[in-house]
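Chain by chain, the residues:
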Amino acid sequence: MSLNVDSADVAFTFKGGMLPMTVMELNSADPEHIRRQLASKLSQSPAFFQHTPVVLNVEKLDEPHLSLERICAVCRDHKLLPVAVRGGTEPVRQSAWALGLGWFAPVDESRAQMLKSVGSDSESAAPVALADANTAEEPAQAQDSNGAETTRLYRGTVRSGQQVSASGGDLVVIGAVNAGAEVLAAGSIHVYGALRGRALAGIHGNTQAGIYCRELAAELLSVAGNYKRLEDIDSQLLGAPAEVHFTQQQLEIKPLN
């Protein structure tokens, strides 16, 4: 005998789905060290810290008794919302559950390699040495008649681990943005090359900002704190010129003609 259930009586439905999520990869287990760096980041991109859910990746730490509660408190003080932990030993997993956080097994290495390879070309196939911090090219800065910053111009490739920002206007990159690199701007971001890293436009909340690139393969895209990750992007848009805008309360990604 079948049982008919009125849909009005159904309290919830489980559904699988992919949600945008920021991973905070920890290289230090010192909560005060993390606090100082978050304070510095907050001054550069406050929109990023507006109640953003984050997964704490502790795979690089060899700390069986991690001060997870203190690290979570530091994050919340800066308006980041820890929702889960990735990696760590059994005590770390138990601590995560005790704090009401989820726990994920260490990231699958083959998955990580797949993300890095999307959009790769002959340039990225060859080994590339990281730019030395003392020799990296400084962005040129344009100013209006009152001396206010309007646009920053960066010539060259933004390498993995580098961050280039324009806190008062647009950012123009004459080159590529490699995987693991980050570009931020108060206004729009223009990349005259492949965009494989993270691009955050409108970091002070400017919803009119946009992201433009000649080859889309970004790890993360954000306009005014609204995010999309690589796996959330239509595969037909990858590897081609694209533009990104915040439209009708969501990110819209379309071909750049």
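Here's what I pulled together on the structure shown here. This structure is a prediction, so every number in the text was calculated from the model and none was measured.

Conventions used here
Residues numbered from 1 in each chain as written. Predicted model: local features only at pLDDT ≥ 70, side-chain atom pairs only at ≥ 80, totals over all residues. Heavy atoms only, no water. Helix = DSSP H or I, 4+ residues; strand = E, 2+ residues; numbered from the N terminus. Contact = heavy atoms within 4.5 Å. Pairing = 2+ DSSP bridges. Axes fitted to C-alpha atoms, helices over the stretch in contact; angles between N-to-C directions. Salt bridge = Lys/Arg side-chain N within 4 Å of Asp/Glu carboxyl O. Buried < 20%, exposed > 50% of the residue type's maximum accessible area, 1.4 Å probe, protein only. Expected span 1.5 Å × (residues − 1). Arc of directions from axis to C-beta. Polar contact = N/O pair within 3.5 Å; in protein donor to acceptor, adjacent residues only side chain to side chain. Parallel < 35°, antiparallel > 145°, perpendicular 65-115°, else oblique. Left-handed = near helix turned anticlockwise from the far one by under 90°. Nonpolar A, V, L, I, M, F, W, Y, C, P; charged D, E, K, R; others polar.

1. Notes on the side chain of Ser222
Here is step 1: Position of Ser222 relative to the elements: it lies in strand E13 (residues 220-223).
Here is step 2: Look past the residues within four positions of Ser222 in its chain and what remains in contact with it is Ala199, Leu200, Ala201, Ile211, Tyr227 and Leu251.

2. Regarding the sheet that holds strand E9 (residues 182-185)
Here is step 1: If you walk across this open sheet you meet the five strands as E7-E9-E11-E13-E14, and the pairing is mixed. Edge positions in the sheet fall to strand E7 (163-166) and strand E14 (226-229), since each of these pairs with one other strand and no more. Averaged over all adjacent pairs, the angle separating strand axes in this sheet is 10°, with direction ignored.
Here is step 2: Judged from the four bridges that link them, E7 and E9 form a sheet pairing that is parallel. Residue Gln163 lies in a different strand from E9, and its bridge partner there is Glu182.

3. A few points about the pattern of salt bridges
Here is step 1: Inspection of the entire model under this criterion finds eight salt bridges.
Here is step 2: Here Lys60 makes a salt bridge to Glu25, at a shortest N to O gap of 3.0 Å. Separated by 35 residues along the polypeptide, Lys60 in the loop between strand E2 (52-57) and helix H2 (68-77) and Glu25 in strand E1 (residues 22-25) bring together distant segments of the chain.
Here is step 3: Lys60 gets classed as exposed once you look at its relative accessible area, which sits at 55%.
Here is step 4: Two residues, Glu32 and Arg35, come together in a salt bridge whose shortest N-O distance is 3.4 Å. Taken together, the positions of Glu32 and Arg35, both in helix H1 (residues 31-44) and three residues apart, correspond to about one turn of that helix.
Here is step 5: Judged by relative accessible area, which is 27%, Arg35 ranks as partly exposed.
Here is step 6: Because the salt bridges share partners, they merge into one network encompassing Glu32, Arg35 and Asp77.

4. Describing H1
Here is step 1: Helix length check: H1, at 14 residues, gives a terminal C-alpha distance of 20 Å against a target of 20 Å (1.5 Å per residue), a fit within 8%.
Here is step 2: All of the buried residues in H1 are Pro31, Ile34 and Leu38. One side of H1 carries all its buried residues, which in axial view fall inside an arc of 55°. More than 90 degrees from the buried face of H1, the exposed residues found are Arg36 and Ser43.
Here is step 3: Its side-chain oxygen at 3.1 Å from the backbone nitrogen of Glu32, Asp30 defines the N-terminal cap of H1.

5. Quick word on the packing of H1 against H2
Here is step 1: The geometry of H1 relative to H2 is characterised by a closest axis approach of 9 Å and an angle of 15° between their N-to-C directions. It follows from the interaxial angle that H1 and H2 lie roughly parallel. The crossing of H1 and H2 is right-handed. Listed contacts from H2 to Pro31, Glu32, Ile34, Arg35 and Leu38 of H1 are Arg70, Ile71, Val74, Cys75 and Asp77.
Here is step 2: Split by residue class, the contact of H1 with H2 holds six nonpolar, no polar and four charged.

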